[in-house]
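# Architecture and fold: a report
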Amino acid sequence: MKAVVIYEAGGPEQLIYTDVSTPALKEGWSLIKVKGFGINHSEIFTRKGLSPTVHFPRILGIECVGIVGKSTDPKLIEGTCVVSIMGEMGRDFDGSYGEYVLLPNDQIYPIESDLPWAEFATIPETYYTAYGSMLNLHIEQGMKILVRGATSGVGQAFLKLVKGKDPSAYVAGTSRNPLKKDQLLQAGFDEVIIMS
């Protein structure tokens, strides 16, 4: 299979597109055909050598969307659309920067979606982060919420989750760019604060 492998820490030139062996199926794991993945800051830190537990060579990628290829779990049927995030993917074991990724069965989540793969791939880690933040805040009705970095993917996802739960929630967002104010208001923020 084709994959992007890092053999040693460094800059973007260390991302080597090459041929590697397709992972062999093992008990408790499934082989997923990767259809898309996001690129996350943690992967950039790892590429630079700033993740001391990661050993090279390594295929990075902490999230993916795809379809089940082969599985040791009878509930994960071949061809099923799935999502996987984190769980040390791309750190303790090879991740999603390849045509296939071998994942622990308990880290694979069947999903129904009609979204194109490129759009679907933008959701898992972004919304997982936003959802975790929303839960940790213990938001109650009537609270006013401030989202720092509202133009970011996580900021936009957080807004959608909060408004989906409570359309009357008051959510303000910040940006350093005054040209983004109208975009944020159209997205659903009730107020935009421009930070200098």
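Up top is the structure.
Residues numbered from 1 in each chain as written. Predicted model: local features only at pLDDT ≥ 70, side-chain atom pairs only at ≥ 80, totals over all residues. Heavy atoms only, no water.

## Things to note about the pairing of strand β3 (residues 29–36)
For clarity, the cut-off: Burial status follows relative accessibility: with a 1.4 Å probe on protein chains alone, a residue under 20% of its type maximum counts as buried, one over 50% as exposed, and anything between as partly exposed. Every helix listed is a DSSP run of H or I at least four residues long, and every strand listed is a run of E at least two residues long, numbered separately from the N terminus. Whether two strands pair comes down to DSSP finding at least two bridges between them.
For β3, a buried count of six out of eight residues is recorded, marking the element as mostly surrounded by other parts of the structure. In the sheet, β3 pairs with strand β6 (residues 100–104) via five bridges, with the strands oriented antiparallel. What sits directly across from Leu31, in β6, is Leu102. When β3 meets strand β4 (residues 63–71), the two strands line up antiparallel, connected through six bridges. By the bridge assignment, Leu31 is partnered in β4 with Lys70.

## Focus: the side chain of Asp73
Counted only if it meets this: In this tally Asp and Glu are treated as negative and Lys and Arg as positive; neither His nor the chain ends contributes. For salt bridges, the criterion is a side-chain nitrogen of Lys or Arg within 4 Å of an Asp or Glu carboxyl oxygen. Nitrogen and oxygen atoms within 3.5 Å of one another constitute a polar contact, given that in protein one can donate a hydrogen and the other can accept it, and given that sequence-neighbouring residues count only through two side-chain atoms.
Here Asp73 lies in the loop between β4 and β5 (81–85). Buried charged residue Asp73 carries no salt bridge. Nearest counter-charge: Lys75, at 4.4 Å. There is a polar contact of 2.8 Å between the side chain of Asp73 and the backbone nitrogen of Lys75.

## Focus on the side chain of Arg58
For clarity, the threshold we go by: By definition in these notes, contact holds between two residues if any of their heavy atoms fall within 4.5 Å.
Checked against the element boundaries, Arg58 lands in the loop between α1 (41–47) and β4. Separated by 3.1 Å, the side chain of Arg58 and the backbone oxygen of Arg91 make a polar contact. Not counting residues up to four positions away in its chain, the partners in contact with Arg58 are Val4, Val5, Ile6, Gly90, Arg91, Asp92, Phe93 and Asp94.

## Thoughts on the layout of surface pockets
Sizing a probe to match a water molecule and rolling it over the atoms shows the empty space that remains. Put simply, the rule is: Here the term cavity refers to a set of points on a 1 Å grid, laid over the protein atoms alone, in which a 1.4 Å probe fits but cannot get out; the term pocket refers to an open set having protein on both sides within 12 Å along at least five of seven lines, with lining residues being those that place an atom within 4 Å of a point. Grid points are joined across faces, edges and corners, and a volume is the space filled by probe spheres set on the points. The nonpolar class holds Ala, Val, Leu, Ile, Met, Phe, Trp, Tyr, Cys and Pro. Asp, Glu, Lys and Arg form the charged class, and all remaining residues, Gly among them, are polar.
Empty space within the largest pocket amounts to approximately 230 Å³. As for the largest pocket, its lining consists of Phe37, Gly38, Ile39, Asn40, His41, Ser42, Ile62, Glu63, Ala121, Thr122 and Thr126. Of the residues assigned to the lining of the largest pocket, the class counts are four nonpolar, six polar and one charged. What the second largest pocket holds in volume is close to 150 Å³. Those elements giving two or more residues to the lining of the second largest pocket turn out to be β5 and α3 (124–137). Sorting elements by how many residues they give to the lining of the second largest pocket places α3 first, with four residues. Here the lining of the second largest pocket is built from residues that sort into nine nonpolar, no polar and no charged.

## Quick look at a nonpolar patch on the surface
Let me state the cut-off plainly: Two distance rules govern patches: like charges are joined within 9 Å, and nonpolar side chains (Val, Leu, Ile, Met, Phe, Trp, Tyr) within 5 Å, applied only to residues with over 30% relative accessible area and no salt bridge. Throughout, the Shrake-Rupley method with a 1.4 Å probe supplies accessible areas, and for residues the shown protein chains are the sole cover considered.
Together, Leu146, Ile193 and Met195 make up a nonpolar patch on the protein surface, roughly 230 Å² of accessible area in all. For Leu146, the position within the fold is in strand β8 (residues 144–147). The exposure class assigned to Leu146 is partly exposed, which follows from its relative accessible area of 49%.

## As for empty space enclosed by the protein
Overall, the coordinates contain one cavity of 30 Å³ or more when judged by the stated rule. In this structure, the largest cavity encloses a volume near 40 Å³. Ser42, Glu43, Thr46, Leu60, Gly61, Ile62, Gly90 and Arg91 are the residues that line the largest cavity. Tallied by class, the residues present in the lining of the largest cavity amount to two nonpolar, four polar and two charged.

## Observations concerning the pairing of β4
Sheet topology places β4 next to β5; five bridges connect them, and they run antiparallel. Its bridge partner being in β5, Glu63 is matched across the sheet by Ile85.

## Comments concerning the sheet that holds β4
Here we have five strands laid out as an open sheet, ordered β6-β3-β4-β5-β7, and antiparallel in their pairing. Across the chains shown, the open sheet's two edge strands, defined by having one partner strand only, are β6 and β7 (109–110).

## Looking at unusual backbone geometry
The omega torsion of the bond from Phe56 to Pro57 falls at 5 degrees, within 30 degrees of zero and hence cis. Of note, Glu88 is a non-glycine position whose phi angle comes to about 75 degrees, a positive value. You can see Glu88 is positioned in the loop between β5 and β6.

## Brief notes about the pattern of salt bridges
Under the counting rule described, the total for this entry stands at four salt bridges. The closest approach of N and O atoms between Arg58 and Asp94, which form a salt bridge, is 2.9 Å. Separated by 36 residues along the polypeptide, Arg58 in the loop between α1 and β4 and Asp94 in the loop between β5 and β6 bring together distant segments of the chain. Residue Arg58 is classed as buried on the basis of its relative accessible area of 13%. The closest approach of N and O atoms between Lys163 and Asp190, which form a salt bridge, is 2.9 Å. On the criterion of sequence distance, the pair formed by Lys163 in helix α4 (residues 153–165) and Asp190 in the loop between α5 (181–187) and β10 (191–194) is long-range, its members being 27 residues apart. Assessed through its relative accessible area of 18%, Lys163 is described here as buried.

The values are spatial; any link to function lies outside them.
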